[in-house]
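Reading the structure
Residue strings, one per chain:
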Amino acid sequence: MAGSNVLLAFSPLLPSSPSSPLRSQNLHPFFPPPLLLLPPSTRPPLSKSHLSFPFRPIPSPSLPPLFSSPLRSSETSEYVFPDPIPEFAEAETEKFRTHLLTKLSKKDIFGNSVEEVVGVCTEILSNFLHTEYGGPGTLLVIPFIDMADTLNERGLPGGPQAARAAVVWAQKHIDKDWKEWTGDD
């Protein structure tokens, strides 16, 4: 009960009668209860002090903007990735197909479905290279997720393993091969 007396001393909005339904609740002493919880007959008249936060914020000294360096250019230039190169896509797709066929043929989980699994993965990568890949920075994970999903939907074995082998090869070769193809360093 001592805690509720302290509560009433700090909160002017609580009704003071001991039979009040709000007196027995554990309310924080520094934050007044919502006025709508009080019975209409005991609500205090509204004033601006009741509607504002009980503490006033301390004004901070004026600080300069964080990024107002004279070295920073006011204009930002956006890098635009080049369009896909169909010849590169064809050559890279053939390298991918050869590698994946060799890699997956060594695993027993694919059985007689190796050709079909490699065909699905090759088709998805070829479509990506022809439509979306525009050099380093544009190799996405989406085609490899699509490979695993498509293989699983078609009931072919080893979807996750084939997609993993495909993404590992792509990370090692596609960006490097693009740089060689275009002559970029």
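For the structure itself, consult the block above.
All of the points below concern the structure found in this document. In this text, all values refer to a predicted model and were calculated from it rather than measured experimentally.

**Some details on the nonpolar core**
- In terms of nonpolar packing, the biggest core is built from 30 residues, with Phe96, Leu104, Val117, Cys121, Leu125, Met147 and Ile174 touching the most fellow members.
- Filtering out sequence-adjacent residues up to four positions away, Phe96 remains in contact with Cys121, Thr122, Leu125, Met147, Ala166 and Trp169.

**Examining the environment of Glu123**
- With respect to the helices and strands, Glu123 occurs in helix α4 (residues 114–131).
- Overall, the relative accessible area of 55% leaves Glu123 in the exposed class.
- Between the alpha carbons of Glu123 and Met147 there is a distance of 9.2 Å; along the sequence they are 24 residues apart.

**Some points on α4**
- The first and last C-alpha atoms of α4 sit 26 Å apart over 18 residues, in line with the 26 Å expected at 1.5 Å per residue.
- Looking at α4, one finds that the buried residues are Val114, Val117, Val118, Val120, Cys121, Thr122, Ile124, Leu125, Ser126, Phe128 and Leu129.
- Looking at the buried side of α4, the elements it contacts are α3 (86–105), α5 (142–153) and α6 (159–182).

**As for the pattern of salt bridges**
- All told, the structure shown has 4 salt bridges when counted by the stated rule.
- Two residues, Lys95 and Asp177, come together in a salt bridge whose shortest N-O distance is 3.5 Å. Taken together, the positions of Lys95 in helix α3 and Asp177 in helix α6 put the pair 82 residues apart, joining distant regions of the chain.
- On the accessibility criterion, Lys95 (43% relative accessible area) is partly exposed.
- Across the pair Glu180 and Lys176 runs a salt bridge, and its minimum N-O distance is 3.9 Å. With Glu180 and Lys176 both in helix α6 and 4 residues apart, this pair spans about one turn of that helix.
- Glu180 gets classed as exposed once you look at its relative accessible area, which sits at 58%.
- Judged by its relative accessible area of 43%, Lys176 is partly exposed.
- Where salt bridges share partners, they join Lys95, Lys176, Asp177 and Glu180 into one cluster.

**Here's the deal with the side chain of Thr93**
- Along the chain, Thr93 falls in helix α3.
- According to the relative accessible area criterion, Thr93 is buried, its value standing at 9%.
- Of the polar contacts made by the side chain of Thr93, one reaches the backbone oxygen of Ala89; its length is 2.6 Å.
- Among all residues touching Thr93, those that are not within four sequence positions of it are Thr122, Ser126 and Leu129.

**Details of the packing of α5 against α6**
- Contact geometry for α5 and α6: axes closest at 8 Å, N-to-C directions at 160°. The orientation of α5 with respect to α6, classified from their angle, is roughly antiparallel. Note on packing geometry: the crossing formed by α5 with α6 is right-handed. Here Phe144, Met147, Ala148, Leu151 and Asn152 of α5 lie close against α6, whose contacting residues are Gly159, Pro160, Ala162, Ala163, Ala166, Val167 and Ala170.
- Considered class by class, the residues forming the contact of α5 with α6 number 10 nonpolar, 2 polar and no charged.

Rules used throughout
- Positions within a chain are numbered from 1, following the residues in the order the chain's sequence is written.
- Given that this is a predicted model, residues contribute local features only at a pLDDT of at least 70 and side-chain atom pairs are listed and counted only at 80 or more, while totals for whole chains, interfaces and linings are drawn from all residues.
- With hydrogens and water stripped out, all remaining heavy atoms of the structure feed into the side-chain values.
- Definition used in this section: a nonpolar core is a set of buried Ala, Val, Leu, Ile, Met, Phe, Trp, Tyr and Cys residues joined via side-chain atoms within 4.5 Å.
- Any residue under 20% of the maximum accessible area for its type is buried, any over 50% is exposed, and the rest in between are partly exposed; the area is computed with a 1.4 Å probe on protein chains only.
- We call two residues contacting when some pair of their heavy atoms lies within 4.5 Å.
- Helix numbering and strand numbering both begin at the N terminus, where a helix is a DSSP run of H or I of at least 4 residues and a strand a DSSP run of E of at least 2.
- An expected span of 1.5 Å times one less than the residue number is assigned to each helix.
- Basic side-chain nitrogens of Lys or Arg form a salt bridge, by our definition, when they fall within 4 Å of a carboxyl oxygen of Asp or Glu.
- We call two N or O atoms a polar contact when they sit within 3.5 Å, provided that within protein one can donate a hydrogen and the other can accept it, with sequence-adjacent residues counted only if both atoms are side-chain atoms.
- Axis lines are fitted to C-alpha atoms, over the contacting stretch for helices. Their N-to-C directions set the angle, which ranges from 0 to 180 degrees.
- Working definition: roughly parallel below 35 degrees, roughly antiparallel above 145 degrees, roughly perpendicular at 65 to 115 degrees, and oblique for all remaining angles.
- Helix crossings get a hand from a simple test, with the near helix turned counterclockwise from the far one by less than a right angle marking a left-handed crossing and a clockwise turn marking a right-handed one.
- Note on residue categories: nonpolar means Ala, Val, Leu, Ile, Met, Phe, Trp, Tyr, Cys or Pro, charged means Asp, Glu, Lys or Arg, and polar means any other residue, Gly included.

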